[in-house]
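As a plain string of letters, each chain reads:
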Amino acid sequence: MAINVLGVHTNQVRTEQASGNSLAAAYSVAVFCWVLSSGVYIAAKWVSHEMPPWALCFWRVLIAWAILLPIVRGHFGAMVALVRARPLELLCIGGTGLAICQGLLFIGLEHADATTAGIIMALIPILTMILARLILGEPMGTWQVTGSIIAFLGIVTIVVKGSPAALMRLDINPGELWIVAGSFCFSLYTVLLRRAKFDIERLPLLVLLLGAAVLTALPFYLWELASDERSTLNGNGLIALAYVAIPGGAMTYYLFNRSVEALGAARAGMMLYLQTIFTAILAYLLLGEQLQSYHLEGAAIIVVGLLLVTLLKPKTETAAAKP
């Protein structure tokens, strides 16, 4: 009997160790995903004077789509059926979140620095929560409203560079407003995707949405070509494009999909905030950008808002959770 108990205990220990190792591996995948994602801001800023924003957006989603397509070949039947059944939804959702969002971000990076872009994009979870309340009717308590307002004030602090007088003079960097618009588009994409409830696995769905993004970005890219806004890529620019499309595109999408499967959507989504930190570090090391006082002030205000939103749940949600 003692031997059996010891054996059971040993098996439990091994199971717990395996579970711990799996969880550590899942978090490692998530962290690596956001490291790669933060590099997109650096590469896009680096190449902003050599490649128009919609050209960068189009080639990024096209190359990522082409790389991921063979991986989901076993799901082609279900993918074709979904395209036939709900083509406009796929086009609208994929185009909004994976094309227009990126195009606006890349336009913004022509005028704003990568550090600022990374901080502003941290607004996505709060915008998502607000849109989910408006579109899906999800609960939003007093603390969530308060936290959202505080986080918005943090974004305003960054946009006006810590100077209220700049707001009165409308002395605002237009690039930062484009980035705010991009974060809004990605939040809208998240909510619309949640509402759509497509009956297909995540990775095949991602490939379909990337295909929709390609179709959405194409007219903007052709408009750039017609306006004679052509790329003048040199060797460094081609390296940046390759990074944005492959490690920062296909690999990032794939790793995020894996992290969601291992950690769940909520925990994987919260890892987004690491992107802001990694972007600031990489921007300092590779672009020579400096953290300004208004960056720190705005980021601190946003963090306070995020803590209120994520730690203090709405009463209606808490009550619903009780048996």
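Look up a bit, the structure's there.
First things first, this report covers the structure right here in the doc. Values in this document were obtained by computation on a predicted structure and should not be read as measured data. (Residues numbered from 1 in each chain as written. Predicted model: local features only at pLDDT ≥ 70, side-chain atom pairs only at ≥ 80, totals over all residues. Heavy atoms only, no water.)

**Brief notes about the overall build of the protein chain**
Working step 1: What the protein chain contains, in helices and strands, is 15 helices and 0 strands.
Working step 2: Counting over 323 residues, the protein chain shows a buried share of 44%.
Working step 3: Counting contacts in the protein chain only where the partners sit at least 6 residues apart, residues at least 24 apart contribute 89% of the total. (Helix = DSSP H or I, 4+ residues; strand = E, 2+ residues; numbered from the N terminus. Buried < 20%, exposed > 50% of the residue type's maximum accessible area, 1.4 Å probe, protein only. Contact = heavy atoms within 4.5 Å.)

**Focus on the pattern of salt bridges**
Working step 1: This model, assessed by the stated rule, comprises 1 salt bridge.
Working step 2: Here Glu-89 makes a salt bridge to Arg-86, at a shortest N to O gap of 2.7 Å.
Working step 3: Of the residues examined, Arg-86 reaches a relative accessible area of 22% and is grouped as partly exposed. (Salt bridge = Lys/Arg side-chain N within 4 Å of Asp/Glu carboxyl O.)

**A few points about the packing of aromatic side chains**
Working step 1: For the coordinates displayed, the defined rule picks out 6 aromatic pairs.
Working step 2: Measuring from centroid to centroid gives 4.2 Å for Trp-54 and Phe-220, while their planes differ by 15°, and the two rings are stacked. Note that Trp-54 is positioned in helix 2 (residues 53-68) and Phe-220 in helix 10 (residues 202-226), a separation of 166 residues in sequence.
Working step 3: Phe-220 gets classed as partly exposed once you look at its relative accessible area, which sits at 32%.
Working step 4: With a centroid separation of 6.1 Å and an interplanar angle of 75°, the aromatic rings of Trp-59 and Tyr-221 are classed as edge-to-face. Of the two residues, Trp-59 sits in helix 2 while Tyr-221 sits in helix 10, which places them 162 residues apart along the sequence. (Phe/Tyr/Trp six-rings, centres within 6.5 Å; stacked < 30°, edge-to-face > 60°.)

**Considering the nonpolar core**
Working step 1: Grouped together as the largest cluster of nonpolar side chains are 78 residues, with contacts concentrated most on Leu-56, Leu-98, Phe-106, Phe-198 and Leu-210.
Working step 2: Element by element, the count of residues in this core is highest for helix 10, at 11 residues. (Core = buried A, V, L, I, M, F, W, Y, C linked by side-chain atoms within 4.5 Å.)

**Quick word on the side chain of Ser-183**
Working step 1: As for its placement among the helices and strands, Ser-183 is situated in helix 9 (residues 174-196).
Working step 2: According to the relative accessible area criterion, Ser-183 is buried, its value standing at 0%.
Working step 3: Beyond its immediate stretch of four places on either side in the chain, Ser-183 contacts Ile-120, Met-121, Ile-124 and Leu-127.

**Description of a nonpolar patch on the surface**
Working step 1: Judged by side-chain polarity, Ile-277, Ile-281, Tyr-284, Leu-285 and Leu-286 come together as a nonpolar surface patch covering roughly 550 Å² of accessible area.
Working step 2: Accessibility expressed as a relative area gives 58% for Leu-285, which makes it exposed. (Patch = residues over 30% accessible without salt bridge, like charges linked within 9 Å, V, L, I, M, F, W, Y side chains within 5 Å. Areas by Shrake-Rupley, 256 points an atom, 1.4 Å probe, with all protein chains shown as cover.)

**Some thoughts on the environment of Ile-179**
Working step 1: Structurally, the position occupied by Ile-179 is in helix 9.
Working step 2: For Ile-179, a relative accessible area of 0% gives the class buried.
Working step 3: Considering only alpha carbons, one finds Ile-179 and Leu-109, 70 residues apart in sequence, at a separation of 7.7 Å.
Working step 4: Ignoring sequence-local partners within four residues, the contact set of Ile-179 consists of Leu-104, Leu-105, Gly-108, Ala-112, Ala-117, Ile-120 and Met-121.

**Notes on the packing of helix 2 against helix 11 (residues 235-263)**
Working step 1: Here helix 2 crosses helix 11 at 50°, and the two axes come no closer than 8 Å. As the angle between them shows, helix 2 and helix 11 are arranged oblique. Considering only the axes of helix 2 and helix 11, their crossing is right-handed. Mapping the contact onto sequence places Leu-56, Trp-59, Arg-60, Ile-63, Ala-64, Ile-67 and Leu-68 in helix 2 and Leu-241, Val-244, Ala-245, Ile-246, Gly-248, Gly-249, Ala-250, Tyr-253 and Tyr-254 in helix 11. (Axes fitted to C-alpha atoms, helices over the stretch in contact; angles between N-to-C directions. Parallel < 35°, antiparallel > 145°, perpendicular 65-115°, else oblique. Left-handed = near helix turned anticlockwise from the far one by under 90°.)

**Comments concerning the state of the cysteines**
Cysteine pairs can be linked by a disulfide, which is a covalent bond between their two sulfur atoms.
Working step 1: Tallied over the entire structure, the rule returns 0 disulfides.
Working step 2: You can see Cys-185 has no disulfide; the closest cysteine sulfur is in Cys-101, sitting 6.4 Å from it. (Disulfide = S-S within 2.5 Å.)

**Description of the packing of helix 4 (residues 87-108) against helix 9**
Working step 1: Taken N-terminus to C-terminus, the directions of helix 4 and helix 9 make an angle of 160°; their axes are 8 Å apart at the nearest point. Looking at the two axes, helix 4 sits roughly antiparallel to helix 9. For the element pair helix 4 and helix 9, the recorded crossing hand is left-handed. Residues Glu-89, Ile-93, Thr-96, Gly-97, Leu-98, Ile-100, Cys-101, Leu-104, Leu-105, Ile-107 and Gly-108 of helix 4 touch helix 9, and the partners they reach there are Gly-175, Trp-178, Ile-179, Ala-181, Gly-182, Cys-185, Phe-186, Leu-188, Tyr-189, Leu-192, Leu-193 and Ala-196.
Working step 2: Looking at the contact of helix 4 with helix 9 residue by residue, the class counts come to 17 nonpolar, 5 polar and 1 charged. (Nonpolar A, V, L, I, M, F, W, Y, C, P; charged D, E, K, R; others polar.)

**Quick word on unusual backbone geometry**
Working step 1: Positive phi, normally seen in glycine, also occurs at Lys-197, with a value near 50°.
Working step 2: Within the secondary structure, Lys-197 sits in the loop between helix 9 and helix 10.

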